[in-house]
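# Breakdown of the fold
Residue-level listing of the chains:
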Amino acid sequence: MSDAKPVGVPLANHFKLSKSSCPSSKKEIEEMSTIPYSSAVGSLMYAMVCTRPDIAHAVGVVSRFLSNPGKKHWEAVKWILRYLKGTSNSSLCFGGADPVLEGYTDSDMAGDPDGRKSTSGYLYTFAGGAVSWQSRLQKCVALSTTEAEYIAVAEAGKEMLWLKRFLQELGINQTEYKIHCDSQSAIDLSKNSMYHSRTKHIDIRYHWIREVMDQQLLKLVKIHTKENPADMLTKVVTQEKLKLCRDIVGITFR
């Protein structure tokens with residue numbers, strides 16, 4: 001891939017990856033057995049976990065087909081490598097903002113074409129740079145965008161409490177611990193059970209966030225979708241939106 005043409009986004013809209021693209025015949029399986037798919041995805045995971053939150057969604061998508069990858073899946077992996085080639089001079093930089101822990105969370109709605117599960121994503125910044133991020137499929141099928149966002153908020157809340165205690169052990173305290181969410185209905189649901197008739201089917205483990213909110217251990221804040229950097233963790237975004245997300249999380253080019 002050293003001579004490949006760079007691209008501007010980790011994954012493009014024309015990639016509609018699903019299990020239908022997996023090889024079914026013996027010949028196709030043999031052809032794919034010579035391609036180092038698992039090795040390439042493992043290398044991408046290493047880069048994503050260490051310093052590249054901008055490829056978290058793309059890596060999460062291609063990693064779903066490790067057991068039986070097809071040619072379309074391999075094309076998507078090569079696309080990610082082309083993106084990394086064009087952004088190899090980027091890095092996470094800290095010090096561009098105050099040493100304050102802030103969180104961002106988002107989800108899509110039924111983004112997985114096979115199981116129709118939604119994708120949760122959260123991202124935490126400290127001193128202007130990203131320190132923790134995650135993009136993964138939810139464990140259950142959400143019946144509404146409110147439910148998908150609510151589940152994402154619960155997952156982000158667990159990470160916030162861990163980071164909060166970690167900072168306090170280091171002697172760093174702040175007055176408020178904010179998680180930014182672009183769903184007002186999910187914020188309302190986390191504060192009370194006013195939507196009980198439409199949300200009583202939600203797994204009780206996700207209602208844990210209500211207790212956390214009652215104890216004022218963290219605070220959910222509304223943010224406009226256009227300003228939410230967690231968008232890049234749950235869906236394919238445009239090059240302009242990706243640039244905005246990278247700026248917020250401290251990914252700079254030298």
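Residues numbered from 1 in each chain as written. Predicted model: local features only at pLDDT ≥ 70, side-chain atom pairs only at ≥ 80, totals over all residues. Heavy atoms only, no water.

### Here's the deal with unusual backbone geometry
- The backbone phi angle of Arg-116 is positive, close to 60 degrees, even though this residue is not glycine.
- Here Arg-116 shows up in the loop between strand E2 (101-107) and strand E3 (119-126).
- Backbone geometry at Ala-127 places phi at a positive 55 degrees, although glycine is not the residue there.
- Following the sequence through the fold, Ala-127 ends up in the loop between E3 and strand E4 (129-137).
- Given the relative accessible area of 12%, Ala-127 is considered buried. (Helix = DSSP H or I, 4+ residues; strand = E, 2+ residues; numbered from the N terminus. Buried < 20%, exposed > 50% of the residue type's maximum accessible area, 1.4 Å probe, protein only.)

### Focus on the packing of helix H5 (residues 145-169) against helix H6 (residues 184-191)
- Where H5 contacts H6, the two axes come as close as 8 Å, and the packing angle between them is 65 degrees. Remark: the crossing between H5 and H6 carries right-handed chirality. Here Thr-146, Glu-149 and Tyr-150 of H5 lie close against H6, whose contacting residues are Ser-185, Ala-186, Leu-189 and Ser-190.
- Looking at the contact of H5 with H6 residue by residue, the classes come out as 3 nonpolar, 3 polar and 1 charged. (Axes fitted to C-alpha atoms, helices over the stretch in contact; angles between N-to-C directions. Left-handed = near helix turned anticlockwise from the far one by under 90°. Contact = heavy atoms within 4.5 Å. Nonpolar A, V, L, I, M, F, W, Y, C, P; charged D, E, K, R; others polar.)

### A look at the pairing of E2
- With 6 of 7 residues buried, E2 lies mostly within the body of the structure.
- Here E2 runs beside E3; their pairing, made up of 7 bridges, is antiparallel. By the bridge assignment, Ser-107 is partnered in E3 with Ser-120.
- Inspection of the sheet shows E2 paired to strand E5 (residues 178-181) by 4 bridges, in the parallel sense. Opposite Thr-105, over in E5, you have Cys-181 as the bridge partner. (Pairing = 2+ DSSP bridges.)

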